[in-house]
Amino acid sequence: MKSLEEFQSFYQSDLTKTLNELELERKRAVKLVPLVVLGIIGLIGGVVGFMSGIMPLLFIILAIASLVITIICIVKIVGIKKPMKAKYKEEVIREMIGFLSEDLNYSPSGFISEGEFKRSKIFLKSADRYTGDDLVEGNLGETSVRFSELKTEYYTTNSKGNRTYHILFKGIFFIADFNKHFIGETMVLVDTAESMFGKLGTMLQKMNVSRPKLVKLEDPTFEKEFAVYGTDQVEARYILTPAMMSRIVDFKKKTGKVSLSFLNSNVYIAIDVSKNLFEPPFYKSMLDFELVKEYFNYLVLCVDIVEDLDLNTRIWTKD
């Protein structure tokens, strides 16, 4: 795997020219923001002045002029930001992915389909809004992988019929070939019940009728972190060997909140990330190495999943 030192060298030799060009465009757009603010203030002032009845013609002229200036500046900002984002994706993010592995393909506007997301059975609730971007797919060693950013939401309705949207999942959704046709379905979910309520939490897990049966394992550290549900108890224990459980616990330490499922010959992994990744900054410098390094670290995290879970070791076949 590429080291940070290697990435720093790559950053200097391959990315700085593009980032300098993008920084000039970013500054050009940012300079228009104060004009938008002044335009909005002028528009509000013009409307308030017109309503006061004092020199209404003067204030209506002020309001119209401010509105025109605001619209022109917003159109110019959007006109700069859209190609700036496209260039950042194509010439920075794509190059970073190629630097990590030549066997990975990148589609800036692509994402894991809603059908694949549902098939993972990690989330029981359906998404009412489903978006994503930054699809990466290809092979890492012997393992076929696909991952992208996703933002999925569901809504609730109050007594007045007003909708409020809530995050179902936001982060990186990863799919890898596990090289085994699973008989059943095994879900490894973040265990909030046991960590909060102890033995009572275990009882609550067993009462989760929307899931298959709870699978009890022999690793107390793993059991504190995750609740495992499976349609085939033997297969679940066959998949979750002591070594695999240890790797999943270590992976959770690196990522924070993570859930997995093993079905349809794939492993599905949902990694919660609150921020938007792989987007060009607007109010920060394009030349901020820490931001680019953060994106690089998230890409490394995804690429390293294959090694972290030892997916290239073909202990099973698909026969």
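Counting from 1, residues in each chain are numbered in the order their sequence is written. Local features are withheld for residues below a pLDDT of 70 in this predicted model, meaning they are given only at 70 or higher, and side-chain atom pairs are given and counted only at 80 or more; totals for whole chains, interfaces and linings count all residues. Calculation of side-chain values draws on the structure's entire complement of heavy atoms; hydrogens and water are dropped beforehand.

Participant: Just checking my understanding: could you explain the overall build of the chain for this structure?
Facilitator: In DSSP terms, a helix is any run of H or I states spanning at least four residues, a strand is any run of E spanning at least two, and both are numbered starting from the N terminus. Secondary structure summary: the chain contains ten helices and nine strands in total. Computed over the C-alpha atoms, the radius of gyration of the chain is 25 Å, more than 25% above the 20 Å expected from 2.2 N^0.38 for a compact globule of 319 residues. Exposure categories follow from relative accessible area, calculated using a 1.4 Å probe and restricted to protein chains: below 20% of the type maximum is buried, above 50% is exposed, and the middle band is partly exposed. Counting over 319 residues, the chain shows a buried share of 45%. In these tables, accessible area is a Shrake-Rupley quantity obtained with a 1.4 Å probe, and a residue counts as shielded only by the protein chains included in the view. Total accessible area computed for the chain in this model is approximately 17000 Å², and 58% of it derives from carbon and sulfur atoms. Radius of gyration means the value over C-alpha atoms here, while the globule rule gives 2.2 Å times the residue count to the 0.38 power.

Participant: Explanation requested: the sheet that holds strand 3 (residues 143-157) in the structure shown.
Facilitator: What links the strands of a sheet is backbone hydrogen bonding, and the strands pair in either a parallel or an antiparallel sense. We treat two strands as partners when DSSP finds at least two bridges between them. Taken in spatial order, the nine strands line up as 1-2-3-4-9-8-5-7-6 in an open sheet, and their pairing is antiparallel. Of all the strands in the sheet, the pair left with one neighbour each is strand 1 (104-107) and strand 6 (213-215). Taken over all neighbouring pairs, the strand axes of this sheet differ in orientation by 20 degrees on average, direction set aside. When strand 4 (residues 163-177) meets strand 9 (residues 266-272), the two strands line up antiparallel, connected through seven bridges. To get an axis, fit a line to the C-alpha atoms, keeping to the stretch in contact for a helix; angles then go from 0 to 180 degrees between the N-to-C directions.

Participant: Could you clarify how one ought to interpret the pattern of salt bridges in this entry?
Facilitator: Note that side chains of opposite charge can pair when their charged atoms are close. A side-chain nitrogen of Lys or Arg and a carboxyl oxygen of Asp or Glu constitute a salt bridge if their distance falls within 4 Å. The final tally for this structure, using the stated rule, is 19 salt bridges. Between Glu23 and Arg26 there is a salt bridge, with its nearest N and O atoms 2.9 Å apart. Here Glu23 pairs with Arg26, and both are found in helix 1 (residues 4-30), just three residues apart, close to one helical turn. Note on accessibility: Glu23 and Arg26 belong to one class, buried.

Participant: Before we go on, may I ask you to explain the nonpolar core in this structure?
Facilitator: Where a protein is soluble and globular, its nonpolar side chains tend to be buried together. Residues belong to one nonpolar core when they are buried, are Ala, Val, Leu, Ile, Met, Phe, Trp, Tyr or Cys, and are joined through side-chain atoms within 4.5 Å. With 71 residues, the main nonpolar core has Met96, Phe222, Leu240 and Ile269 as its most contacted residues. Sorting elements by how many residues they give to this core places helix 10 (residues 289-308) first, with twelve residues. Those residues in contact with Phe222, other than ones at most four positions away along the chain, are Val188, Leu217, Val228, Leu240, Met245, Ile248 and Val249. Counting residues in hydrophobic clusters, the runner-up holds 19 residues, among them Ile112, Phe173, Tyr268 and Ala270. Should any heavy atoms of two residues lie within 4.5 Å, those residues are counted as being in contact.

Participant: Looking at this model, I keep getting lost on empty space enclosed by the protein. Mind explaining?
Facilitator: Rolled over the atoms, a probe as big as a water molecule pinpoints where empty space is left. We place a 1 Å grid over just the protein atoms. Points where a 1.4 Å probe fits but has no way out form a cavity, open points with protein on both sides within 12 Å along at least 5 of 7 lines form a pocket, and any residue with an atom within 4 Å of a point lines it. Grid points are joined across faces, edges and corners, and a volume is the space filled by probe spheres set on the points. Considering all chains together, one arrives at two cavities of 30 Å³ or more under this definition. Considering only enclosed or pocket space, the second largest cavity measures out at about 30 Å³ in volume. In terms of lining, the second largest cavity is formed by Ile97, Leu100, Leu104, Val136, Phe147, Leu299 and Val303. At the level of elements, helix 3 (56-100) and helix 10 are the ones that each hand at least two residues to the lining of the second largest cavity. Class assignment of the residues belonging to the lining of the second largest cavity gives a composition of seven nonpolar, no polar and no charged. When residues are grouped by polarity, Ala, Val, Leu, Ile, Met, Phe, Trp, Tyr, Cys and Pro land in nonpolar, Asp, Glu, Lys and Arg in charged, and all others, Gly among them, in polar.

Participant: Which parts of the structure should I look at to understand helix 2 (residues 33-52)?
Facilitator: Owing to its 3.6 residues per turn, the α-helix aligns residues three or four sequence positions apart on the same side. Counted at 1.5 Å a residue, the expected span for helix 2 with its 20 residues is 28 Å, and the 29 Å between its end C-alpha atoms agrees. Every buried residue of helix 2 is listed here: Val33, Val36, Gly39, Gly42, Gly46 and Gly49. Those residues of helix 2 hidden inside the fold are in contact with helix 1 and helix 3. Within two residues after helix 2, Gly53 carries a phi angle of roughly 85 degrees, on the positive side. Working rule for helices: expected span equals 1.5 Å times residues minus one.

Participant: Which parts of the structure should I look at to understand the packing of helix 2 against helix 3?
Facilitator: Think of two packed helices as two axes; the pair is described by the angle between the axes and how far apart they sit. Their axes nearest at 7 Å, the elements helix 2 and helix 3 cross at an angle of 155 degrees. As the angle between them shows, helix 2 and helix 3 are arranged roughly antiparallel. In the crossing of helix 2 with helix 3, the sense of the turn from one axis to the other is left-handed. Side by side, helix 2 and helix 3 meet where Val33, Leu35, Val36, Gly39, Ile40, Gly42, Leu43, Gly45, Gly46, Val47, Gly49 and Phe50 of the first sit next to Pro56, Phe59, Ile60, Leu62, Ala63, Ser66, Leu67, Ile69, Thr70, Cys73, Ile74 and Ile77 of the second. By definition in this entry, angles of less than 35 degrees are roughly parallel, angles greater than 145 are roughly antiparallel, angles of 65 to 115 are roughly perpendicular, and the rest are oblique. Here a crossing is called left-handed whenever its near helix is offset anticlockwise from the far helix by less than a right angle, and right-handed whenever the offset is clockwise.

Participant: Mind showing me how you'd approach unusual backbone geometry here?
Facilitator: Comment: phi is negative for the bulk of residues other than glycine, and the bulk of peptide bonds are trans. The backbone of Asp134 sits at a positive phi, close to 60 degrees, despite the residue not being glycine. Here Asn264, not a glycine, exhibits a phi torsion of approximately 55 degrees, which is positive. By secondary structure assignment, the location of Asn264 is in the loop between strand 8 (258-263) and strand 9. Accessibility expressed as a relative area gives 45% for Asn264, which makes it partly exposed.

Participant: Looking at this model, I keep getting lost on the packing of aromatic side chains. Mind explaining?
Facilitator: Ring pairs are drawn from Phe, Tyr and Trp, using the six-membered ring of Trp, whenever the two centres fall within 6.5 Å, and their geometry is named by plane angle: stacked under 30 degrees, edge-to-face over 60, tilted for the rest. Enumeration according to the criterion identifies 23 aromatic pairs in this entry. When the ring of Phe99 is compared with that of Phe296, the centres are 6.2 Å apart and the planes differ by 45 degrees; the resulting orientation is tilted. Residue Phe99 is found in helix 3, and its partner Phe296 is found in helix 10; the two are separated by 197 residues along the sequence. With a relative accessible area of 16%, Phe99 lands in the buried category. Where Phe278 meets Tyr295, the ring centres are 5.6 Å apart and the plane angle is 65 degrees; that geometry is what we call edge-to-face. Taken together, the residues Phe278 in the loop between strand 9 and helix 10 and Tyr295 in helix 10 connect sequence positions 17 residues apart. Phe278 gets classed as buried once you look at its relative accessible area, which sits at 4%.

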